[in-house]
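Observations on chain architecture
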Amino acid sequence: MSKTARWRSAALPIASTALVLALAGPAAASAPAAATATTTAPEAAPDAAPDTRPDAAGPRVPATSTHRPVGTTSARLVDRDRPDPWRPDTPSRELMVTFWYPTDSARGTHAPYLSPELSTALYGTAEPAGVRTGAVAGARPAPGRHPLVLLSPGFGLSRTTLTALGEELAARGYAVAAVDHTYETLVEFPGGRIEPCLVCGREATDPDFGASASRARAADLRFVIDRLTAPGNRGPVRGLTVDPGRIGVAGHSLGGAAALEAMGEDRRIRAAANLDGTVWIPPTGLRSRPVLLFSAQLGGSPGATENWEDSWKRLTGPRYWVDLPTAGHLSFSDEHWVVDALGSRDQLPADTGPDVFGSVRGDRALAATRAYLGAFLDRHLLGRPAPLLDRPSRAFPEVRFAK
C-alpha cells in the first residue's frame with residue numbers, strides 16, 4: 001500500500017467510507033455529507049448533559065486492564081490568540097475536547113459514546129450512539145497530580161474513535177485529553193451545533209496538506225496543554241490537576257504525525273507515539289526524547305516503510321517500532337472493534353482492501369494497542385518497568401518488533 005493509500009484509508013470522506021457503508025448499509029448513500037450549521041455558542045457553554053437514558057443493549061467499550069473507575073467530561077475550548085487555520089476569517093480557534101481521568105467512585109451515569117445526531121451525521125445511522133462506555137459522566141477526579149496524555153485522531157475521524165484508548169489510559173492513572181481538530185471532521189459543539197469537515201478531500205489535491213495539518217494540530221495540542229497546566233488549577237475540568245513535568249502525546253494516522261510534530265515544538269512533551277501514521281514533516285527538535293511507532297502491515301507497504309525508515313533514522317532517543325501484521329489502518333482506533341461488535345464486517349463492500357481492518361479481530365487489535373502504548377507511557381512518564389517493549393511477548397505473539 002502506498003503512502004497516499006494509507007492516508008486516504010483514514011481520511012473519511014464523511015458518509016462514503018467503507019466503515020460508513022458497513023455500519024449504515026444502503027442508507028449511507030443518502031446520508032448527509034456534513035452539517036453546515038454555524039451558530040456561535042458562548043465560550044463558557046456547559047458540556048452536553050449526561051445520557052440519562054437506561055443503558056441500551058448496544059456493545060460496550062471493552063473493559064480496561066486495571067478496572068479502576070474512570071470519569072469523563074467534554075469541554076469547548078477557545079484559543080483567542082490564534083486564528084482558525086482552516087477558516088482565516090475566524091479570529092479564534094475553537095475546539096472540542098473529551099477528558100478521561102481516574103476517579104474514586106464508579107457510581108453515576110455512564111457517559112454517552114456520541115450523540116445520535118453526530119452519529120447520524122458521521123455514519124449515516126444512529127446505531128454507533130448505542131455503544132456503552134465505561135466512564136462516569138462528570139465524576140469527580142481522584143486527588144493528586146496526574147500525568148497527562150493528549151490524543152489526536154486520524155484525519156476525518158472523530159475524537160470518539162479514541163474512547164477505548166482514553167478509558168484504558170485513565171484507568172492506568174493518566175489524565176487524558178482527546179482533541180477534535182475542527183473542520184478536519186464533523187464536530188458537535190454544546191447546543192447541538194455540528195460544524196462540517198471543510199478540508200476533507202483537500203489531502204487528494206494539495207501535496208503540502210499533510211504538513212500543514214500536522215502543524216495546525218500541533219498548535220491545537222499545545223494550546224490544550226496550556227489550558228490544563230494553567231496556574232491556579234483553572235483548567236477546563238474542575239478538580240483535575242495534571243503534572244506539567246509528565247506529559248505525553250499519542251495519535252492515530254495523521255494524529256500520530258501531529259504527535260511527533262508537537263513534541264518537536266514543545267519541550268514540555270516528554271514522549272510521543274505514532275499509531276500507523278505517515279510522517280509528513282521529518283521529526284526534528286525531539287532532543288533525545290522517546291518515540292513509539294506502532295504500525296500495521298508496514299512490512300508489505302514499501303512506500304509507508306520508506307517513510308518510517310527515514311523517520312526512524314532521525315530519532316536520537318529511546319525508540320521502539322512494533323508492527324501488527326494482521327491489522328489494518330483503522331485497527332488502532334475504535335472503528336475496528338465497533339464494526340465487529342455491531343456485526344457489520346460482512347457488510348463491507350467487496351472491494352474493501354485488507355489495509356482497512358486486516359484479518360485480526362478488532363478487540364484483539366485494541367488489546368495490543370492498549371498494552372504497547374500503555375507500556376511505553378508507563379516507562380517514560382511513570383518510570384515503571386515495561387518488559388513488553390524489550391522482547392517478543394507470549395501474551396501478544398501476533399505483534400513483532402520491526403526494529
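Look up a bit, the structure's there.
As a starting point, this report considers the structure included with it. No experiment lies behind these values; they were computed from the predicted model shown.

Quick notes on the overall build of the protein chain
- Helices and strands together make up the secondary structure of the protein chain, namely 10 helices and 13 strands.
- Within the protein chain, the proportion of its 403 residues that are buried is 59%.
- The contacts in the protein chain between residues at least 6 apart in sequence include a share of 75% that link residues at least 24 apart.
- As presented, the protein chain carries roughly 15400 Å² of accessible surface, and 52% of it is formed by carbon and sulfur atoms.

Observations regarding the nonpolar core
- If you look at the biggest cluster of nonpolar residues, it comprises 40 residues, and the most contacted ones within it are Leu151, Phe294 and Tyr372.
- Not counting residues up to four positions away in its chain, the partners in contact with phenylalanine 294 are Asn274, Leu275, Asp276, Trp308, Val322, Asp323, Leu324, Phe332, Ala368, Thr369, Tyr372 and Val399.
- Residues Ala177, Leu240, Leu260 and Ala262 belong to the second largest nonpolar core, which totals 36 residues.

What to know about the pattern of salt bridges
- Under the defined criterion, the tally for this structure stands at 24 salt bridges.
- Of the charged contacts, one joins aspartate 310 and arginine 314 as a salt bridge, the two residues approaching to 3.2 Å between their closest N and O atoms. With aspartate 310 and arginine 314 both in helix H7 (residues 302-314) and 4 residues apart, the pair spans about one turn of that helix.
- With relative accessibility at 35%, the residue aspartate 310 sits in the partly exposed group.
- Since its relative accessible area comes to 39%, arginine 314 is described here as partly exposed.
- Sharing partners across several salt bridges, the network here consists of Asp79, Arg82, Asp84, Arg93 and Asp220.

Remarks on the packing of helix H5 (residues 209-228) against helix H6 (residues 254-265)
- Between H5 and H6, the shortest axis-to-axis distance is 8 Å and the interhelical angle comes to 60 degrees. In terms of their interaxial angle, H5 and H6 are classed as oblique. Seen from above, H5 lies across H6 with right-handed handedness. Residues Gly210, Ala213, Ser214, Arg215, Arg217, Ala218, Leu221 and Arg222 of H5 form the contact with H6, whose own contacting residues are Leu254, Gly255, Ala257, Ala258, Glu261, Ala262 and Glu265.
- Residues of the contact of H5 with H6, tallied by class, amount to 7 nonpolar, 3 polar and 5 charged.

Notes on the packing of aromatic side chains
- One pass over the full model with this rule turns up 8 aromatic pairs.
- Centroid distance tryptophan 312 to tryptophan 321: 6.0 Å. Interplanar angle 50 degrees. Geometry classified as tilted.
- For tryptophan 312, a relative accessible area of 10% puts it in the buried group.
- For tryptophan 321, a relative accessible area of 3% gives the class buried.
- Taken together, the ring pairs in this structure connect Phe294, Phe332, Tyr372 and Phe396 into an aromatic cluster.

Re the pairing of strand E12 (residues 319-323)
- Of all 5 residues that make up E12, 4 are buried, and the element is covered over most of its length.
- Alignment of strand E11 (residues 291-295) against E12, held across 5 bridges, turns out to be parallel. Note that in E12 the partner of leucine 293 across the bridge is tryptophan 321.
- In this structure, E12 lies alongside strand E13 (residues 400-401), joined through 2 bridges in antiparallel fashion. Bridge pairing in E13 links valine 322 to phenylalanine 401.

A look at the pairing of strand E1 (residues 70-79)
- Burial analysis of E1 places 9 of its 10 residues in the buried class, which makes it a mostly covered element.
- Of the pairings in the sheet, the one linking E1 to strand E2 (residues 93-102) comprises 10 bridges and is antiparallel in character. In the sheet register, threonine 73 faces E2, and the bridge partner there is phenylalanine 99.

Points about the packing of helix H4 (residues 163-171) against helix H10 (residues 362-382)
- At their nearest, the axes of H4 and H10 sit 10 Å apart, and the two run at 45 degrees to each other. Between H4 and H10, the interaxial angle falls into the category oblique. Viewed along their axes, H4 and H10 form a crossing whose handedness is right-handed. The segment H4 lies against H10, with Ala164, Leu165, Glu168 and Leu169 engaging Leu366, Thr369, Arg370, Leu373, Gly374 and Leu377.

Criteria and thresholds
- Residues numbered from 1 in each chain as written.
- Predicted model: local features only at pLDDT ≥ 70, side-chain atom pairs only at ≥ 80, totals over all residues.
- Heavy atoms only, no water.
- Helix = DSSP H or I, 4+ residues; strand = E, 2+ residues; numbered from the N terminus.
- Buried < 20%, exposed > 50% of the residue type's maximum accessible area, 1.4 Å probe, protein only.
- Contact = heavy atoms within 4.5 Å.
- Areas by Shrake-Rupley, 256 points an atom, 1.4 Å probe, with all protein chains shown as cover.
- Core = buried A, V, L, I, M, F, W, Y, C linked by side-chain atoms within 4.5 Å.
- Salt bridge = Lys/Arg side-chain N within 4 Å of Asp/Glu carboxyl O.
- Axes fitted to C-alpha atoms, helices over the stretch in contact; angles between N-to-C directions.
- Parallel < 35°, antiparallel > 145°, perpendicular 65-115°, else oblique.
- Left-handed = near helix turned anticlockwise from the far one by under 90°.
- Nonpolar A, V, L, I, M, F, W, Y, C, P; charged D, E, K, R; others polar.
- Phe/Tyr/Trp six-rings, centres within 6.5 Å; stacked < 30°, edge-to-face > 60°.
- Pairing = 2+ DSSP bridges.

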